[in-house]
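So the chains spell out like this:
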Amino acid sequence: NGSNGGDLIGEFYHSYSEEPVPFPGKLVSAGGLPFGSSTSEWDAPHTHSGLLTQKGGTFHTGKDKNAWLAVKLPKHAYITGVVFAGTSEWKLIHRFRPLRVQVSDTGRDDDWHDVGPVIENTGNYINRFDLQKERPKALYVRVLRPGGPEFFHANGIYVYGEPAA
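Residues numbered from 1 in each chain as written. Predicted model: local features only at pLDDT ≥ 70, side-chain atom pairs only at ≥ 80, totals over all residues. Heavy atoms only, no water.

## A few points about the environment of Ser49
When you line up the elements, Ser49 lands in the loop between strand 2 (33-36) and strand 3 (59-60). Overall, the relative accessible area of 52% leaves Ser49 in the exposed class. Taking the C-alpha atoms as reference points, Ser49 and Gly31, separated by 18 residues in sequence, lie 8.4 Å from one another. (Helix = DSSP H or I, 4+ residues; strand = E, 2+ residues; numbered from the N terminus. Buried < 20%, exposed > 50% of the residue type's maximum accessible area, 1.4 Å probe, protein only.)

## A look at the packing of aromatic side chains
By the definition in use, this model includes 7 aromatic pairs. Seen in terms of ring centroids, Trp42 and Phe151 are 5.4 Å apart; in terms of plane orientation they differ by 85 degrees. Their pairing is edge-to-face. Taken together, the residues span a long stretch of sequence, with Trp42 in the loop between strand 2 and strand 3 and Phe151 in the loop between strand 8 (137-145) and strand 9 (153-154) at a distance of 109 residues. For Trp42, a relative accessible area of 48% puts it in the partly exposed group. Relative to Phe152, the ring of Phe84 lies with its centre 5.6 Å away and its plane at 5 degrees, an arrangement referred to as stacked. Pair noted here: Phe84 is in strand 4 (residues 67-85) and Phe152 is in the loop between strand 8 and strand 9, with a separation of 68 residues, a long-range link. (Phe/Tyr/Trp six-rings, centres within 6.5 Å; stacked < 30°, edge-to-face > 60°.)

## Points about unusual backbone geometry
The step from Gly148 to Pro149 runs through a cis peptide bond, and the omega angle for that step is 15 degrees. One can find Pro149 in the loop between strand 8 and strand 9. Here the phi dihedral of Asn66 falls at roughly 55 degrees; this positive angle occurs in a residue that is not glycine. By the element assignment, Asn66 lies in the loop between strand 3 and strand 4. A residue is classified by how much of its surface remains accessible, and Asn66, at 33% relative accessible area, is partly exposed.

## Quick notes on the nonpolar core
Formed by 26 residues in total, the largest nonpolar core has its most connected members in Ile79, Val82 and Val141. If you list the elements that add at least two residues to this core, you get strand 4, strand 5 (99-104), strand 6 (113-119), strand 8 and strand 10 (156-163). The biggest single contributor to this core is strand 4, with 8 residues. Those residues in contact with Val82, other than ones at most four positions away along the chain, are Phe23, Val101, Asn127, Arg128, Phe129, Leu131, Val141, Val143, Ile157, Tyr158 and Val159. (Core = buried A, V, L, I, M, F, W, Y, C linked by side-chain atoms within 4.5 Å. Contact = heavy atoms within 4.5 Å.)

## Observations regarding the pattern of salt bridges
As enumerated under the stated definition, the model contains 2 salt bridges in all. Measuring nitrogen to oxygen at the nearest pair gives 3.2 Å for the salt bridge that ties Asp114 to Arg100. Here Arg100 lies in strand 5 and Asp114 lies in strand 6, a separation of 14 residues in the sequence. For Asp114, a relative accessible area of 45% gives the class partly exposed. We note a salt bridge from Arg108 to Asp110, for which the minimum N-O separation is 3.1 Å. (Salt bridge = Lys/Arg side-chain N within 4 Å of Asp/Glu carboxyl O.)

## Focus on the confidence of the model for the protein
The predicted model of the protein averages 83 in pLDDT, with 79% of residues at 70 or higher. The element-level mean pLDDT for the protein is lowest in helix 1 (residues 5-9), coming to 39, with strand 8 highest at 96. The model gives residues 1-17 a pLDDT under 50, and that stretch makes 48 contacts with residues more than four places away or in other chains. (pLDDT = per-residue confidence, 0-100.)

## What about the side chain of His60?
With respect to the element layout, His60 can be found in strand 3. Among the polar contacts listed, one links the side chain of His60 to the side chain of Ser40, at a separation of 3.1 Å. (Polar contact = N/O pair within 3.5 Å; in protein donor to acceptor, adjacent residues only side chain to side chain.)

Pasting the structure below:
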C-alpha cells in the first residue's frame with residue numbers, strides 16, 4: 001500500500017495503477033449514507049457502506065440517463081475535494097466518462113448545483129475533484145455521469161473538507 005492512497009482504499013488498492021491522494025481536511029463522508037440513481041442485478045447493495053471506507057464497495061446502476069452516486073454526509077461540511085474510485089476493469093472505464101461533482105443541502109432533484117471541473121475521458125480510474133478554491137457547503141455530494149443511457153460503476157467515493165459549525 002502507498003502512503004495516504006493505499007490506506008484510503010485498502011483491500012482493493014492493488015487493482016489501481018495510481019494513488020488516490022486525499023485532499024486537505026477530514027474525510028467528512030465517513031459515516032455517511034451512499035445512494036444512487038438506481039440499482040441493477042449486478043449491484044451489491046450489501047457492500048454500499050464500504051464505498052465510503054478503506055475496504056471499498058461495489059456500486060452498479062441500471063442503464064440510466066445522467067446516472068449518479070451520492071453521499072449524505074453525517075453533517076454539513078465545507079468541501080475541499082472529492083476522490084471518486086471507478087471500477088478498475090479497463091473494459092468498463094467508458095461507463096464513467098465524463099464526470100462532474102454536484103452538491104446539495106436537501107438531496108432533492110431540484111437542489112443540485114455543479115461545482116469544480118468536469119472530468120472528460122482521461123482514462124483514469126481514480127478521479128480527483130479539487131474544490132479547495134470554492135469550498136462549497138453541503139450536506140449531500142454526488143458524482144454525476146452526464147449523458148447516457150449507460151451503466152455507472154464505482155468502488156469508492158471519498159469527500160474531504162471541514163465540518164460546518
